[in-house]
Amino acid sequence: MSGTNTSHSPQHHTSTIGAIGAPSRRNTELALLAFAVVIPVFAYANVGLALNDSVPPGLLSYGLGLGLLAGIGHLVVRKFAPYADPLMLPLATLLNGLGLVVIWRLDQSKRLSNYAEAAPRQLLYSAMGVALLAVVVIFLKDHRVLQRYTYISMAGALFLLILPLVPGLGANIYGAKIWIKIPGLGTLQPGEFAKIALAVFFAGYLMVKRDALALASRRFMGLYLPRGRDLGPILVVWVISILILVFETDLGTSLLFFGMFVIMLYVATERTSWIVFGLLMSAVGAVGVASFEPHIQTRVQAWLDPMREFELSRAGVQDGVVHSEQAMQALWAFGSGGTLGTGLGQGNSDLIGFAANSDFILATFGEELGLAGVMAILLLYGLIIERGVRTALAARDPFGKLLAIGLSGAFGLQVFVVAGGVMGLIPLTGMTLPFVAYGGSSVIANWALIGILLRISDTARRPAPAPAANPDAEMTQVVRPS
Amino acid sequence: MNKPLRRIAIFCGLLVLALLIRDNWIQYVQADELRTDKNNRRVIIERYASPRGDIIVDGQPITGSTETSGSDFKFKRTYKDGPMWAPVTGYASQAFGATQLESIEDGILTGNDDRLFFRNTLDMLTGKKQEGGNVVTTLNGAAQKAAYNGLKKQGGKGAVVALEPSTGRILALASYPSYDPSSFAGNSTTTDTEAWQKLQKKNNPDDPMLNRALRETYPPGSTFKVLTAAAALEDGLYTDPNQKTNTPLPWIMPGTTTPLKNEGNIPCKNATLRVALQYSCNTVFGKIGADLGNDKMLDMAKKFGFTEEQFTPVRANASVFSDDMNDSQTALSSIGQFNTAATPLQMAMVASAVANDGKLMKPYMVDELQARSVDTLERTEPEELSQPLSSENAQKLQSMMETVVDKGTGSNAKIPGVTVGGKTGTAQHGVDNSENPYAWFISYAKGDDGSSPVAVAVVIEDDNAVRDDISGGGLAAPIARNVMEAVIDSKK
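Bear in mind that the values here come from a model prediction, so they are computed numbers and not experimental data.

1. Regarding the sheet that holds strand β15 (residues 366-370) of chain B
Residue and element names in this part refer to chain B. The strand order β2-β1-β7-β15-β16 describes an open sheet built from 5 strands, whose pairing is mixed. A strand with exactly one partner marks an edge of an open sheet, and here the two such strands are β2 (60-61) and β16 (376-379). Alignment of β15 against β16, held across 3 bridges, turns out to be antiparallel. Looking at β16, one finds that L369 is bridged to E378.

Rendered as structure tokens:
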């Protein structure tokens, strides 16, 4: 099906801003999707050959499954959001497909045989994620509708964030309390969904308040200081982030939400002072909480000296906090991979043990695909973020701009926090690498996030309606033979 | 709103850039360091990924490799006569790491050594599996067996070192009690860990994993008098073994009112060096030490290898001779007491230098490193360490040591038809000498052409023996004789 010529017409490709007359680029998307399916299929065969000297028996069904997901996504977009950005869907599909391969590869590990098989579940989650994307694209005709639900989103986000703290529902997994248990179904990370709800709330709220926040300010030492009462919202969000940090002991989620808010506040008001305030407040908050929260302290220590943490863990030191050798194991995995990696299926990244296929999955990429592979993965994420920012630039309404930058900014921060944590750039936090890591909440929520971005970009790039509501004129514009 | 959007775009770009830089840092700059970190399990996974090369004695491997299952290690180390060879091989355990030859020559044995790079690359191209190389030792199987069985029969703690004086090749290196490195070569948390725990000093007061031949220093007692005699001859204090020495009896140690005692009623007054060595006169050699002084004695001790660690290539502890003693302390040190302490290897070096006409050769146990295809990668050449005494003086000393065996305390070491020189020693230790003394014997055998095929040092500490029964001549000399005989027989 990929055989159809994509026929890049030699027009300017800066299609996002000059929206009028932009080509739909759906065929480009289709061709890229073909790659996004074929590459993981080859990777899957590669793992099987490396581990068992044979092509894995599930190759065909896996290929068909991934192809089906990509195909459904593509058809839905083609039908309901024809002018949407052509890169996001293939990029997400490729990452999801590679993630599935690596999760399956870790399923085969003898060292991890105590853990349940994850790949089939992840495939199911991916299907649910693509379904949610389809629902978003089909039923959300216009993203501005979300504006109506500004405060409902806020309530929803708070509700989701509080869920893990409800006794009997929340689950404390290795120190972080960001999961809830659903009997019979497993665990859920409500924070992943709260991310989207919060972005909607911030976008709606800031769109209304941005003038007040931006203009009513005094100039002081080159900075525009906001009025005291305008500080209210940022203080509230700050307090909520701190509360997340204290009660759920999750630095990553806290950083993510606060960072997203500061980005959106800055974009809405164009006031650099907000960035300064934001950085100051997050520094104060993080240091303040770290001064009394042992879990956070351990994370920071493990970051500063992972070898010591490894030795404490090996020595079985019992001092009230969980000492984990994972950080050091991840670094060894990266280092042992070197420039080109050991090849899929041939590394020992499963030494990381628990969470090797979720929080630490990047280490497996590091060991088996090497520096080259990880850089490629990081660039894929970079491209998704770039497409998101481009969507924000192209969006014609402030709500769309804010929502798009909020979602892509949060996505970028999440990638940074997770990948930086696993690579030892910053302290480790319990978050998952979007699309790649094992975890239903993450995959489903991020597909929904892509769905919303696709919707905004479709609106942004859709040719402006002809001045006169002349159906014939519109016909001639849409059906442009390539 | 587009200006801040562009800035946010740059910010996100910087985040990704930071990740890329960090990735290059850990996967390129630090990659080798992380890859070869000793705690990185991949290092030992690789160590046991292919059959390990062997350690070879007399052309026969004393180690092996066996395929295992149930863990991430493919192969496991095995040992033949493990307890006998443990002081030579050390151990290579999946769970507890590697020591001694197994650790020092790990690169050759696993096949990862740079010298095997070309061969490995060829193997990779031809699809052959990487194989480890062999370590060929200088040891003599018969001598080792005589040494180990001798110690075992004796039952007490002890060690034996035998050297080839003309080259420094180590022929025997035994320590007792010993351990079987096979017993914990795997990584089973039950059997291997249990065996390992049982061998630890805290659970086993006999400390079987201590390599007494190289890593334990004992007061050498009267065997040190050989070194003192060498110092007297080299200094010119006395030039003839049969010349009367200037030794009153009783002799009061300088600066004290304490007379230095001899063991029993022996003819030590103004005794010649020969007689003094024959009867092991404390007064004669104590006075020589005091007459020469700390500096000259230390100088001679250093020439024989004292105060320095020896690398055979397995490390041997440094033997001790202090540098800040007054004359009476020097006198005591010169008869192998006070602070003086020596490894069995050190005392074998003393005997070896005398037997080799004064030349001390560097002791070594690795003859050759081989690739699997029996190509020599590296061969150890004998190396002269020092010449503590002239060949003339060495021969004088030889004649004295031969008298000791012929008609003195060392008669148990006699071998029919072979010239043997030796010296017994009985060193006291513990507070007020309350503990059982160590029995020492150092000796060499000499062929008809005057060259010596073997020099030996034996030390035995026996908690069970009656104190009076212990003397170098009684316990240690027979073992030394058996070892020397084994070497001579194997040359026939």
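Moving on from the model shown.
2. Considerations on the packing of helix α6 (residues 190-215) of chain A against helix α15 (residues 440-461) of chain A
Residues and elements named next belong to chain A. Contact pair α6 / α15: the axes reach a minimum separation of 8 Å and the direction vectors enclose 15°. On the basis of the axis angle, α6 is roughly parallel to α15. Here α6 runs over α15; the crossing is left-handed. Listed contacts from α15 to E192, F193, K195 and I196 of α6 are S441, S442, I444, A445, N446, A448, L449 and I452. Of the residues contributing to the contact of α6 with α15, the split by class is 7 nonpolar, 3 polar and 2 charged.

3. A word on the interface of chain A and chain B
Often, the extent of an interface is quoted as the loss of accessible area on bringing the components together. Tallying the contact residues gives 51 residues for chain A and 31 residues for chain B. Linking chain A with chain B are 2 salt bridges. With a shortest N-O distance of 2.5 Å, B:D72 and A:R111 are connected by a salt bridge. For the pair chain A and chain B, the number of links is 11 residue pairs in polar contact (both at pLDDT 80 or more). Taken together, the elements giving at least two residues each to the side of chain A that touches chain B come down to α8 (251-269), α11 (306-315), α12 (326-337), α13 (361-394) and α14 (398-422) of chain A. A per-element tally of the side of chain A that touches chain B places α13(A) first, with 13 residues. Considered class by class, the residues forming the side of chain A that touches chain B number 30 nonpolar, 15 polar and 6 charged.

4. A short note on the UniProt feature "domain: Penicillin binding protein A dimerisation" (unreviewed entry) in chain B
Under the feature "domain: Penicillin binding protein A dimerisation" (unreviewed entry), the UniProt entry names residues 52-135 of chain B. As a span, residues 52-135 of chain B carries 33% helix and 25% strand, and end to end its C-alpha atoms are 11 Å apart.

5. With respect to the nonpolar core
Core analysis: the largest hydrophobic core is formed by 143 residues, its most contacted members being A:F202, A:L206, A:L362, A:F365, A:L403, A:I405 and A:L433. No other element matches α14(A), which puts 15 residues into this core. Ignoring sequence-local partners within four residues, the contact set of A:L206 consists of A:L213, A:M264, A:L265, A:A268 and A:L402. Ranked by size, the runner-up nonpolar core spans 115 residues in total, among them B:L139, B:A174, B:W251 and B:Y438.

6. Observations concerning the confidence of the model for chain B
Averaged over every residue, the pLDDT of chain B is 89; residues scoring 70 or more account for 96%. Across the interface, the model reports ipTM at 0.89; the global pTM reads 0.72.

7. Points about the pairing of strand β7 (residues 134-137) of chain B
Residue and element names in this part refer to chain B. In β7, alternate side chains face the same way, and those of N134 and V136 on one face and V135 and T137 on the other are all buried. Relative to β7, strand β1 (residues 55-57) runs parallel, the two being bridged by 2 bridges. Its bridge partner being in β7, I56 is matched across the sheet by V136. Where β7 lies against β15, 4 bridges are found, and the strand directions are antiparallel. Bridge pairing in β15 links T137 to V366.

8. Focus: the pattern of salt bridges
Residue and element names in this part refer to chain B. In the structure shown here, the tally under the stated rule is 30 salt bridges over all chains. The partner of E102 in a salt bridge is R52, with the nearest N and O atoms 2.9 Å apart. Taken together, the residues span a long stretch of sequence, with E102 in helix α5 (residues 100-104) and R52 in the loop between α3 (41-47) and β1 at a distance of 50 residues. R52 matches E102 in its accessibility class, with the two residues each being buried. We note a salt bridge from E461 to R212, for which the minimum N-O separation is 3.8 Å. In this pair, E461 is assigned in strand β20 (residues 454-461) and R212 in helix α10 (residues 212-215), connecting sequence segments 249 residues apart.

9. Things to note about the packing of aromatic side chains
Under the definition given, this model contains 25 aromatic pairs over all chains. Here the aromatic rings of A:F202 and A:F261 are separated by 4.6 Å at their centres, their planes lie at 55°, and the arrangement is tilted. On the criterion of sequence distance, the pair formed by A:F202 in helix α6 and A:F261 in helix α8 is long-range, its members being 59 residues apart. Classification of A:F202 as buried rests on a relative accessible area of 2%. Relative accessible area serves as the criterion here: at 2%, A:F261 is assigned to the buried category. Pairing B:Y91 with B:W196 gives two aromatic rings, centres 5.7 Å apart and planes at 80°, and the pair type is edge-to-face.

What counts as what
Residues numbered from 1 in each chain as written. Chains lettered and ligands numbered in written order. Predicted model: local features only at pLDDT ≥ 70, side-chain atom pairs only at ≥ 80, totals over all residues. Heavy atoms only, no water. Pairing = 2+ DSSP bridges. Helix = DSSP H or I, 4+ residues; strand = E, 2+ residues; numbered from the N terminus. Axes fitted to C-alpha atoms, helices over the stretch in contact; angles between N-to-C directions. Parallel < 35°, antiparallel > 145°, perpendicular 65-115°, else oblique. Left-handed = near helix turned anticlockwise from the far one by under 90°. Contact = heavy atoms within 4.5 Å. Nonpolar A, V, L, I, M, F, W, Y, C, P; charged D, E, K, R; others polar. Salt bridge = Lys/Arg side-chain N within 4 Å of Asp/Glu carboxyl O. Polar contact = N/O pair within 3.5 Å; in protein donor to acceptor, adjacent residues only side chain to side chain. UniProt positions renumbered as here; feature names shortened; annotations may be inferred. Core = buried A, V, L, I, M, F, W, Y, C linked by side-chain atoms within 4.5 Å. Buried < 20%, exposed > 50% of the residue type's maximum accessible area, 1.4 Å probe, protein only. pLDDT = per-residue confidence, 0-100. Phe/Tyr/Trp six-rings, centres within 6.5 Å; stacked < 30°, edge-to-face > 60°.

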